[in-house]
Amino acid sequence: MSFARSTNPLTQGTILRWRISLLWQACMLMQTGLLVAWTLGPGRAQDPKLDFFESKIRPVLVERCYECHSAQTKPGELGGKLRLDSAPATARGGTLGPAVLAGQPSESLLIKAIEYNDTSFQMPPDGKLSDQQIADFKQWIADGAVDPRSTDTPGPNDPAADIAKKTASHWAYQPLAEPTSVPPTPDLGPDSDSIDRSIAQKLSAKGLSFSPEADRRTLARRLYNDLLGLPPTFAELEQIVQNPSQEWYPQLVDSLLQSPHFGERMARRWMDVARYADNKGYVFQEDREYPHAFKYRDWLIRSFNNDLPYNEFLRFQLNADRLDPENKSGNLDAMGMLTLGRRFLNNPHDIADDRIDLITRGLMGVTAACARCHDHKFDPVSMADYYSLHGAMLGSSEPGGDPSAMRMVDKPDQGPTKIFLRGNPGNPGPEVPRRFFGFLTSYVQPEMKTGSGRLEMTEAIVDPKNPLTARVYVNRMWGWIFGNPLVDTPSDFGVRCDPPVQQFVLDSLAWDFIQQGWSTKKLIRRMVTSRAYKQQSYHREDAFAIDPENRLLWRAQRKRMDFESLRDALLLATGQLDPAVGGPSVKITEAPFPKRRTVYAYIDRQNLPQLFRTFDLASPDAHAPLRPQTTVPQQGLVLMNSDMVLSMLGSIGQQSAALGTDAGIDSLFQRVLARAPSPQEKQWLLEVLQASGDSAPDLPESRWSYATATFNPENGTVENFQALPRFHQNRWQGNNDNLPDPQLDWAFLSAAGGHPGGRLDQSVVRRWIAKESAVLRVRGLINHPAEQGNGVRASIIVRGKEKVGQWTVLHGSSPTHVDDIHVEPGDTIDFVTDSNSDANSDSFEWKVRITSPDELRSKANSQRDFRGERLEPLDVWQQAAQALLLTNEFCFID
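The notes below deal with the structure included here.

Parameters and conventions
- Residues numbered from 1 in each chain as written.
- Predicted model: local features only at pLDDT ≥ 70, side-chain atom pairs only at ≥ 80, totals over all residues.
- Heavy atoms only, no water.
- Helix = DSSP H or I, 4+ residues; strand = E, 2+ residues; numbered from the N terminus.
- Buried < 20%, exposed > 50% of the residue type's maximum accessible area, 1.4 Å probe, protein only.
- Contact = heavy atoms within 4.5 Å.
- Pairing = 2+ DSSP bridges.
- Axes fitted to C-alpha atoms, helices over the stretch in contact; angles between N-to-C directions.
- Polar contact = N/O pair within 3.5 Å; in protein donor to acceptor, adjacent residues only side chain to side chain.
- Salt bridge = Lys/Arg side-chain N within 4 Å of Asp/Glu carboxyl O.
- Disulfide = S-S within 2.5 Å.
- Patch = residues over 30% accessible without salt bridge, like charges linked within 9 Å, V, L, I, M, F, W, Y side chains within 5 Å.
- Areas by Shrake-Rupley, 256 points an atom, 1.4 Å probe, with all protein chains shown as cover.
- Parallel < 35°, antiparallel > 145°, perpendicular 65-115°, else oblique.
- Left-handed = near helix turned anticlockwise from the far one by under 90°.
- Nonpolar A, V, L, I, M, F, W, Y, C, P; charged D, E, K, R; others polar.
- Phe/Tyr/Trp six-rings, centres within 6.5 Å; stacked < 30°, edge-to-face > 60°.

1. Points about the overall build of the chain
Part 1: When its secondary structure is counted, the chain shows 32 helices and 19 strands.
Part 2: Reported as C-alpha extents along the three principal axes, the dimensions of the chain are approximately 115 × 80 × 55 Å.
Part 3: Per-residue burial for the chain yields a buried fraction of 54% across its 894 residues.
Part 4: Partitioning the contacts of the chain with sequence separation of at least 6, the portion at a separation of at least 24 is 67%.

2. Looking at the sheet that holds strand E13 (residues 792-798)
Part 1: Overall, antiparallel pairing links the six strands, which are arranged E6-E5-E11-E17-E13-E14 in an open sheet. The sheet is open, and its two borders are formed by strand E6 (717-723) and strand E14 (802-809), each paired with just one other strand. Each neighbouring strand pair of the sheet contributes to a mean axis angle of 30 degrees, computed without reference to strand direction.
Part 2: Direction of pairing for strand E5 (residues 704-712) relative to E6: antiparallel, over a ladder of five bridges. The residue bridging Asn 712 from the neighbouring strand is Thr 717, located in E6.

3. A closer look at the side chain of Ser 396
Part 1: With respect to the helices, strands and loops of the structure, Ser 396 is situated in strand E1 (residues 396-397).
Part 2: In terms of polar contacts, Ser 396 uses its side chain to reach the backbone carbonyl oxygen of Ala 392, at 3.0 Å.
Part 3: Setting aside its immediate chain neighbours within four residues, Ser 396 contacts Met 408, Val 409, Asp 410, Lys 411, Ser 452 and Arg 454.

4. Thoughts on the pairing of strand E12 (residues 774-783)
Part 1: Relative to strand E16 (residues 818-823), E12 runs antiparallel, the two sharing four bridges. Directly across from Ala 774, in E16, lies its bridge partner Val 823.
Part 2: Pairing geometry for E12 and strand E18 (residues 844-851), over seven bridges, is antiparallel. Within E18, the position partnered with Asn 783 by the bridge is Glu 845.
Part 3: By the bridge criterion, three bridges tie E12 to strand E15 (residues 813-815) in an arrangement that is antiparallel.

5. As for the environment of Ala 674
Part 1: Within the secondary structure, Ala 674 sits in the loop between helix H29 (661-673) and helix H30 (679-692).
Part 2: A relative accessible area of 5% places Ala 674 in the buried class.
Part 3: For the pair Ala 674 and Ala 573, spaced 101 residues apart in sequence, the C-alpha separation works out to 8.8 Å.
Part 4: Ala 674 has contacts with Arg 217, Pro 232, Thr 233, Phe 234, Leu 237 and Phe 669, leaving out every residue within four places of it along the chain.

6. A closer look at the pattern of salt bridges
Part 1: Per the stated rule, a full pass over the model turns up 55 salt bridges.
Part 2: A salt bridge links Asp 353 to Arg 372, with the nearest nitrogen and oxygen atoms 3.8 Å apart. Of this pair, Asp 353 sits in helix H16 (residues 348-364) while Arg 372 sits in the loop between H16 and helix H17 (383-394); the two residues are 19 residues apart in sequence, bridging distant segments of the chain. No difference in accessibility class separates Asp 353 from Arg 372, as the two residues are buried.
Part 3: Here the residues in one salt-bridge network are Glu 264, Arg 567, Asp 568 and Arg 597, joined through shared partners.

7. Topic: the environment of Asp 147
Part 1: In this fold, Asp 147 is placed in the loop between helix H6 (131-142) and helix H7 (159-169).
Part 2: Once the C-alpha coordinates of Asp 147 and Glu 54 are considered, the two residues, 93 residues apart in sequence, prove to be 8.7 Å apart.
Part 3: Aside from chain neighbours lying at most four places away, what touches Asp 147 is Phe 53, Ser 86, Ala 87 and Trp 140.
Part 4: Side-chain polar atoms of Asp 147 contact the side chain of Arg 149, separated by 2.7 Å.

8. Let's talk about the state of the cysteines
Part 1: Inspection of the entire model under this criterion finds zero disulfides.
Part 2: Free cysteine Cys 373: the closest other cysteine sulfur is in Cys 370, separated by 10.0 Å.
Part 3: This cysteine, Cys 497, is not joined by any disulfide, and Cys 370 carries the nearest cysteine sulfur, 14 Å off.

9. Side note on helix H31 (residues 876-885)
Part 1: Judged by how many residues are buried, H31 sits mostly within the fold: eight of 10 residues are covered.
Part 2: Here H31 has its buried residues at Val 876, Trp 877, Gln 878, Ala 880, Ala 881, Gln 882, Leu 884 and Leu 885.
Part 3: Of the residues flanking the start of H31, the one acting as N-cap is Asp 875, its side-chain oxygen 3.1 Å from the backbone nitrogen of Trp 877.

10. Observations concerning a nonpolar patch on the surface
Part 1: Together, Tyr 282, Phe 284 and Leu 345 give the surface a local cluster of nonpolar side chains, amounting to about 360 Å² of exposed area.
Part 2: By secondary structure assignment, the location of Tyr 282 is in the loop between helix H12 (260-273) and helix H13 (293-305).

11. Side note on the side chain of His 755
Part 1: Within the secondary structure, His 755 is located in strand E10 (residues 753-755).
Part 2: Of the polar contacts made by the side chain of His 755, one reaches the backbone nitrogen of Asp 842; its length is 3.3 Å.

12. Some details on the packing of helix H3 (residues 48-64) against H6
Part 1: It is at 10 Å that the axes of H3 and H6 come closest, and there the two elements cross at 125 degrees. Put simply, H3 runs oblique to H6. In this structure, H3 meets H6 at a crossing whose hand is left-handed. Together, Phe 52, Phe 53, Lys 56, Ile 57, Val 60 and Leu 61 of H3 and Gln 133, Asp 136, Phe 137, Gln 139 and Trp 140 of H6 make up the contact between the two elements.
Part 2: For the contact of H3 with H6, the residue count by class is seven nonpolar, two polar and two charged.

13. Observations regarding the packing of helix H9 (residues 216-228) against helix H11 (residues 248-257)
Packed helix pairs are specified by the crossing angle of their axes together with the interaxial distance, meaning the distance between the axes.
Part 1: With their axes 10 Å apart at the nearest point, H9 and H11 run at an angle of 20 degrees to one another. One way to sum up the angle between H9 and H11 is to call them roughly parallel. For H9 against H11, the interelement crossing comes out right-handed. Mapping the contact onto sequence places Arg 216, Leu 219, Ala 220, Leu 223, Tyr 224, Leu 227 and Leu 228 in H9 and Trp 248, Tyr 249, Leu 252, Val 253, Leu 256 and Leu 257 in H11.
Part 2: Class assignment of the residues belonging to the contact of H9 with H11 gives a composition of 12 nonpolar, no polar and one charged.

14. Quick look at the packing of aromatic side chains
Part 1: Overall, the coordinates contain 31 aromatic pairs when judged by the stated rule.
Part 2: Each ring, one from Tyr 310 and one from Phe 313, has its centre 5.9 Å from the other, and the planes form 25 degrees; the classification is stacked. Taken together, the residues span about one helical turn, with Tyr 310 and Phe 313 both in helix H14 (residues 310-323) at a distance of three residues.
Part 3: Judged by relative accessible area, which is 2%, Phe 313 ranks as buried.
Part 4: For the ring pair Phe 482 and Tyr 533, a centre distance of 5.6 Å and an interplane angle of 80 degrees mean the geometry is edge-to-face.

15. Brief notes about unusual backbone geometry
Part 1: Cis geometry marks the peptide bond from Asp 402 to Pro 403; its omega dihedral reads 0 degrees.
Part 2: Counting through the fold element by element, Pro 403 comes out in the loop between E1 and strand E2 (409-410).
Part 3: Of note, the bond from Leu 739 into Pro 740 is cis; its omega dihedral lies within 30 degrees of zero at 5 degrees.
Part 4: A positive phi angle is found at Gln 729, which is not glycine, with a value near 55 degrees.
Part 5: When you line up the elements, Gln 729 lands in the loop between strand E7 (726-728) and strand E8 (731-733).

Here you go:
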């Protein structure tokens, strides 16, 4: 149905007609209806239900409805995209969903409209039907809504009919069927995989063929990356190359599928789908953390390692409260897929929208969130469809606590499900029943009546007859394994999505995936043992000229390591990787730089570290269909200069140097590139080592230090200068992870500012040391952004006792400029901030530049020069290791 409500009295009549004037049209069409009834004649046997429709229902529809709800409706006046002039159009419905539910008069929107019980939902707008007419419509629907009007001719202004026509023929909405037989090709016999034969046929039609099979080293490295996210070691590769068995490849595949690291690799991929993060994002003063989020990740790892069937995998993530309510098997933690999303300042409708988007795009490739404010413009998703799922989400609560902090349960009292007109919760429209997508009702059970409806929703998603669920997952898996998905838009299989070039491959894999028990490992095994997967990735001019995008799969896709694989490979090559499986998240960007696999990295939804963004990690704010793939200078600079990477190089350099020059070079190549060096490479590295000598370069000494001190604001003395002991979360602070610290209270300093402790002996000091005689000036700005507290006091002290400037700021900012500061070598300039007697809400920002009057560039910049703990400079062996780790051979798979 198609109702919208206007709050503008000047346009009320017009808007009401546009919405769903359910009953209006005219005598000419009425005569047509009567003529149909008359031509049946007394001499023909007639169905009583059909006779009832012709005598009681059709005349009223014609007289009171057709003007605004038929193929002949004037342009722009088709009320809510609803037509009532044919049985298919009536069943299809409009903006609010199907107008009639056969056998269910009380659930049918048509009855709700004509009963006039809802003041916002009354049709026809020019007057209520008689009680007898209303009773007739109820009886008609209760008897099955028999309707002989089978012809559904789209009118010129019927977008719903246009969408319905496209839906009926859209490739992704067609049922899966057993694949047809593909004949052998000259190169692929009857025992070969049908998907390879299908690909080979398409290649042959263009005069192309598969590329030659890759060598053992390449295939092994490819498999290790795709299945484990780790490179093989030198010893593992040597064993593979020397394996005399003809079955070496399937043996390798099976061994990797049984590795506990397989689950880690697959879990991290799924975490992109599920928009995993360890906190809620911005929630104002509420605790941001999801302290138990890692349990969802651990559940994913176990599930993939145990090859939990995909339909069960989804059931637990959507409905574990009914399947494992006491969490005896740990499956309640699976509901973290829904509950670990962004919190949107706890707006329940935005939270529900995020979950609907995750479920529909992530699992079925349906962009249902587009129907929050209006019917989908392109796909067969109505507002009624959207708000059915919205009701299921709002009908579930998150009680927290035991047995799992991430569980959802159905609320005992389920409120009505109403459409929000234009998506506005303050403008509720008519009530709609909770049902699954209307365009899938011929495949799955649509009603959602148990509790919130999540149970039936889940079963509709995992129903083997659902044409989307298996296709979407298989396509996503193909993209993860091969590098590019078969369908370019993995989370949008709507009517604008063209059929993939290799549609037989997709549909064949999806059909067999279901028939083989929804097994992820069997699916992957079939993919990686295919001829398409095992071919070389080399460029071929002839094939490129015909198929530059490699849609026909004439070569393997050349892939670069993603961020997680790259960091894990760095740790493995330098001998520091912690292989333990499972456990809490760790902050990998902070010293002392944990050595756990990157899948265990703490994901901060509100402040995602720049390192993650530089290497294209998926945003945790929403479901991510694909990761961006960029190549930018910052990535190379990170590998050259970041403290995290530099901290990995110490042990590998020392161990290589201890072996001596010749053996040390061999060891470097074996550990980093998993091969021996060529004679030319060995000679090159030898020359580099000899030219550099054994001494390490000196790093320039920093002029800045960060401390607390006892400050006397009256005479300007700074005493008991004590360096802040720990660099944590990109700031210098006390030894505790969390503030306040028992000794230093809230005291900390960051690049932009900081926070003083409550006492004067907990004042924070940013000290700069002069190296030469000079006359200097300071330019700065102190800002106290909070609306609470009594402000902070900022002072500039020279040589620990000469106060040259002092400012107090409260809920605002002030320039901190000082001229003519005379310094000699060793003199200090202290930038001191104290709490002004009360440390409440004393976060501050204070950025300063120190310059000389005749110099254009500043001698010092407090924000630019800010650094954490200093690392020792790299020695020559560490530099050699770093050079190898920067090569394309290390960072790329093929």
